[in-house]
Each structure stands twice: as C-alpha cells, then as structure tokens.
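Here's the letter readout for the chains.
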Amino acid sequence: MKSYEHLFIDGQWAAPVKRGTFETVDPSNETVIARVAAATSEDIDRAVKAARKAFDEGPWPRMSGAERAAILRRIGKGIRDRLQELAEIEVRDNGKPLPEALWDLGDAAGCFEFYAGLAERLDRDAEKPVALSDDRFSSVARKEPVGVAGAIIPWNFPLLMAAWKVAPALAAGCTMVLKPSELTPLTALELAHIAAAADLPPGVLNIVTGLGHEAGAPLSEHPAIDKLAFTGSVPTGSRIMQAAARDIKNVSLELGGKSPFIVFADSDIDAAVEWIMFGIFWNQGEVCSATSRVLVQREIYARLVERLAEQTRKIKIGNGLEDGVLLGPLVSKGQYEKVLAAVERGKQEGARLVTGGSRPAHLDTGYFMEPVVFADVPELSSIWQEEIFGPVVCIRAFADEAEAVRSANDSRFGLAAAVMSRDDERCERVARALRAGIVWVNCSQPTFTEAPWGGYKQSGIGRELGEWGLNNYLETKQITRYSSDKPWGWYIR
C-alpha cells in the first residue's frame, strides 16, 4: 500500500504541521494497511485559507458552467479508469464485498458526470427574470455559489459520500475542504490525485484526514467556512449544527435512520424476502436508510419470518475480495462491539432471536458476525427504536393498514420507508401517509443520483442529489433595476 502520510492542500501534498499519523485497519483481518496523515486545527486553517483564496481570487467560481463541467467529467473518467483499483482499496479499508464496492465507485463517477450536466445548465438557468407589480423596475433572481464549503463524510460509502458532496459543490462554483472518516480515508485521498490530474485549480478541493475532535471539529467551527455539509450520526450532527449556529452558517445534515418496511399479506413472500434482505444486509447493514424495522401483516407473518431466516442462513460471509461473498466484516472493532451489544439488548428486551448474532465458525479473526433476524420485537425496545447500523433486522406483525402506518411513523427518525403490496392504490395511500423523505414502493434501497435524498425529523435537514443537491451550494441574489427614464421623484420634486 502506498504512503498516505500527507494532506492535499492548495493543490499540493503537505505533511501535517505536527507530523502526526493514525492507522487504518483492514476489518477482515485486523491488520494495519496504512498510516494516514492526522490533521489538526493548524492544518484545517491552512486548508480553509487555501479554499477561501481560491474562491475569492481564483478562477473557479468565475468560470462558465461548461468549463467546470469539463473538469468534473475528467474527474468522473479518472474514477472509471481506476475503478477496479479503487474498489479493492475500499474493500480493504471498509470491508464491503467487491461487487458492492465496484457498484459504489461506478455511482461515484456517475455523480460527477451528472453534476457536470447541471453545471452546464447553470449557464442558461442561473439568472431568471422576476415579474414585478411596478413596471418602472425590472428584476432578476440570480444563483451564485455559496462560497467555501466544509464537508464531513462517513465511513460506510467512502468515495460515494465524497462524490455526493464534492460534485455538486464544485458544479455550483464553490471551493471545498473535505474531511473523510478516519476509519476509511484512503479513497478520498486517491480522489485528490484524480482531481489534480483533471486540472482542477489549486485550492478548489482540499482533502484533510484526521480524527473527529482534532480535524472535524475545527473545520465545523472555522469562521471562514460559508457552508457545512455533514453525513453521519445524530449526536455529531447536533454538534455541527450548534457550531454552525454561532456564525449563522448554511448547513445541510444527512443523519440517522430507523426505516420501516411494511409488507401486506397480498405480497409475494419470496419477493418480499429478497427486498428485505437487500434493504438490511447490503453493505453489512451499515446504511443510514436501511429498512431495519419490518412490519408484516399477520396472515403471512410466520411464513415470511421462516423464509427470511432460511435465506439469511445461506448468505456467504467472508473477506470482500473472495468470490461469492455477500456479507463482509463490520468496519471496525468499535462498530462490531456496538452491534453485538445491541443484539444482546434485543434478547434481554424480549425479542425472539430467530437466527444469527454469532461469529461465523470458519472466521476466527476480523469483525465478522452472522446476520441477525429478530422476530416479535417489542415496539418500545431499544432495537426497534434505535439505529443499530449493522446486519440486524427487527420484525413485528400488524393487523391492518392503520396500525402499520402508525407503527411505521412512530419514530424520531424519518429518512426512508418502504411498502409492498399488489394493491397499487393502497401502496400510493401508504406512501403518502409515511413521514419519511424517501419512500420505496415494492422495493427497498434503490438510489438514483437524479432523485432527492434526505429525511424528516431527526434524520436531517436539506436534500442531497439531483437538482436539490446543487441548490445546497447556491445562494439566490435579487438584482433590481430602476428602468424608467423619469426621475423617481420621492425627495426631489
């Protein structure tokens, strides 16, 4: 593995001021795979100043959208050209199976390509006339980049989450300081190489690795940042929001979830099981939108639980680089222990453990666990109410539509939800009744760059992806002109 002991600031690779490093670990075998530069507040200040100068004095926000688009497309191509290599790095850094990593990296490239198209549209759509009630005046509403953005991303989709923030910010004409998770920093640093090779001007994208309290907190508190974008846990999001409030910063947050999946009795059981498994076991369940609360109508409840357990036991678990593996290790020792503790709480709280929860017999190292199916989960139990962020699905029975909707909505989260039924009218009715920012009908977890992503309640503020993601990084300015050739005549008559 190559060296990762430098930060990317102002278009250059630089050692941290304090020369510190931290280790990143392969969760499949618990071995150190790299030492990574550990930024502190001094390094964050250097990066923010570089981004500030690039925005205030540099060419990037003054380029046409088409010029920015050309560079964004080169970044997307740079990812595609190294797809296999980057995916293998991500498997070693994160633990996910290689096919999933390849899918994620393809989506990351596509994200840059999509926002290249929206950057080109800005040349046409950035300024729109506003109809006024007084014809002596004319007015336009103009979209302009918000300024310097600070972005903090999680460890579950390392390069894809970077793309979700970097691509729209750069398309809008912003400059950025990106802080990846200390658990999975490697592909973000590779993105810096790709951006430099694409001729991105110095200072437009700065990538600083480090621990949350040493690098993330100084970034969220820096007075020269105009906008903060964060994906991660609710407690950290709350602290970032508090930091943003001090300087009245623009902020967008994509936080936790405990998403419900309602399965009505007229559903095909095999199709329901397939989507339930995809909704909770993809990426080891380390997905903010994972449909981890499954509500099954009583008539098919026992059969579905039995079929789900049967299929869950067939999942191949192992190193993500091995053929046929569908479930890799959890990302870290800390996360592994949190998920194991949640499983123990579930048993103590009266949920019925149908299958899973132990270390696979053939794997004596690594953060591996058999995927878990809990049935008859009490509605007030912690595993029903709180995000576990692991391969743990919780199932309850319901009698009718009203009960299902009430139980689904009874959560402090509101990121995603799903409903399955052969009755299209019922699906439409339930989809509209669910209090969530994303609702899937007869499926779970498909994600498209073109569609808005974000949640209600404690699942966050704002929307990413699509045109909504671009708007996160744009301000709207009113420019009004007095168009009459006659004096205004208010004071001078």
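Definitions and limits used
Residues numbered from 1 in each chain as written. Predicted model: local features only at pLDDT ≥ 70, side-chain atom pairs only at ≥ 80, totals over all residues. Heavy atoms only, no water. pLDDT = per-residue confidence, 0-100. Helix = DSSP H or I, 4+ residues; strand = E, 2+ residues; numbered from the N terminus. Buried < 20%, exposed > 50% of the residue type's maximum accessible area, 1.4 Å probe, protein only. Contact = heavy atoms within 4.5 Å. Pairing = 2+ DSSP bridges. Axes fitted to C-alpha atoms, helices over the stretch in contact; angles between N-to-C directions. Salt bridge = Lys/Arg side-chain N within 4 Å of Asp/Glu carboxyl O. Parallel < 35°, antiparallel > 145°, perpendicular 65-115°, else oblique. Left-handed = near helix turned anticlockwise from the far one by under 90°. Nonpolar A, V, L, I, M, F, W, Y, C, P; charged D, E, K, R; others polar. Expected span 1.5 Å × (residues − 1).

### Comments concerning the confidence of the model for the protein
- Scored by pLDDT, the protein comes out at a mean of 97, with 100% of its residues at no less than 70.
- Taking the mean pLDDT of every element in the protein, the minimum, 94, falls on helix H8 (residues 234-247) and the maximum, 99, on strand E12 (residues 260-263).

### Some remarks on unusual backbone geometry
- In this structure, Asp10 takes a positive phi of about 55° despite not being glycine.
- By secondary structure assignment, the location of Asp10 is in the loop between strand E1 (7-9) and strand E2 (12-14).
- Positive phi is not limited to glycine here, since Arg19 has a value of about 60°.
- Looking at where Arg19 falls in the secondary structure, it is placed in the loop between E2 and strand E3 (21-26).

### Describing the environment of Leu178
- In this structure, Leu178 sits in strand E8 (residues 175-179).
- The exposure class of Leu178 is buried, given its relative accessible area of 0%.
- The spacing of Leu178 and Val372 is 194 residues in sequence and 35 Å in space, taken between C-alpha atoms.
- Excluding its chain neighbours within four sequence positions, the residues that come into contact with Leu178 are Ala151, Ile153, Ala162, Val166, Ala188, Leu205, Asn206, Ile207 and Val208.

### Focus on the sheet that holds strand E5 (residues 127-130)
- One open sheet accounts for 3 strands, arranged E5-E6-E22; its pairing is antiparallel. Since the sheet does not close on itself, it has two edges, and those belong to E5 and strand E22 (474-482), each with one partner. The sheet shows a mean angle of 25° between the axes of neighbouring strands, taken without regard to direction.

### Describing the pairing of strand E6 (residues 137-145)
- Pairing of E5 with E6 involves 4 bridges; the strand directions are antiparallel. Looking at the pairing, Pro129 lines up with Val140 of E6.
- Bridge analysis of E6 against E22 gives 9 bridges, and the strand direction is antiparallel. By the bridge assignment for E22, Ser139 is matched with Thr480.

### Remarks on the pattern of salt bridges
- What the rule picks out here adds up to 32 salt bridges.
- Residues Glu113 and Arg80 are paired through a salt bridge, measuring 2.9 Å at the closest nitrogen-oxygen approach. Of this pair, Glu113 sits in helix H4 (residues 98-125) while Arg80 is found in helix H2 (residues 65-81), placing the two residues 33 residues apart along the sequence.

### As for the packing of helix H1 (residues 41-56) against helix H7 (residues 212-221)
- It is at 8 Å that the axes of H1 and H7 come closest, and there the two elements cross at 40°. Considering the angle they form, H1 stands oblique to H7. Note on packing geometry: the crossing formed by H1 with H7 is right-handed. Mapping the contact onto sequence places Ser41, Ile44 and Val48 in H1 and Glu214, Ala215, Pro218 and Leu219 in H7.
- Per-class residue counts for the contact of H1 with H7 are 5 nonpolar, 1 polar and 1 charged.

### With respect to the sheet that holds strand E13 (residues 293-297)
- What the 7 strands build is an open sheet, ordered E14-E15-E16-E13-E12-E18-E19; its pairing is mixed. Edge strands, defined here as strands with exactly one partner in the open sheet, are strand E14 (352-355) and strand E19 (438-441). Looking at each pair of strands side by side, their axes are set apart by 20° on average, direction ignored.
- Strand direction decides the pairing type here: E14 and strand E15 (residues 372-375), joined by 3 bridges, are antiparallel. Its bridge partner lying in E15, Leu353 is registered against Phe374.
- Running at roughly 135° to strand E16 (residues 392-398), helix H9 (residues 269-281) makes contact with E12, E13, E15, E16 and strand E18 (416-420) of the sheet.
- Here helix H13 (residues 401-409) sits on the sheet in contact with E12, E13 and E16, set at roughly 175° to E13.

### Quick look at the side chain of Lys179
- With respect to the helices and strands, the residue Lys179 is situated in strand E8.
- The class for Lys179 is buried, based on a relative accessible area of 3%.
- Setting aside chain neighbours within four positions, we find Lys179 in contact with Ala151, Ile152, Ile153, Val208, Gly210, Leu211, Gly212, Ala215, Gly216 and Leu219.

### Here's the deal with H2
- With 17 residues, H2 should cover 24 Å at 1.5 Å per step; its first-to-last C-alpha distance of 24 Å lies within 8% of that length.
- Every buried residue belonging to H2 is among Gly65, Arg68, Ala69, Ile71, Leu72, Ile75, Gly76, Gly78 and Ile79, and all of these are buried.
- Where H2 is buried, its residues touch helix H3 (83-94), H4, helix H5 (158-172) and helix H6 (186-197).

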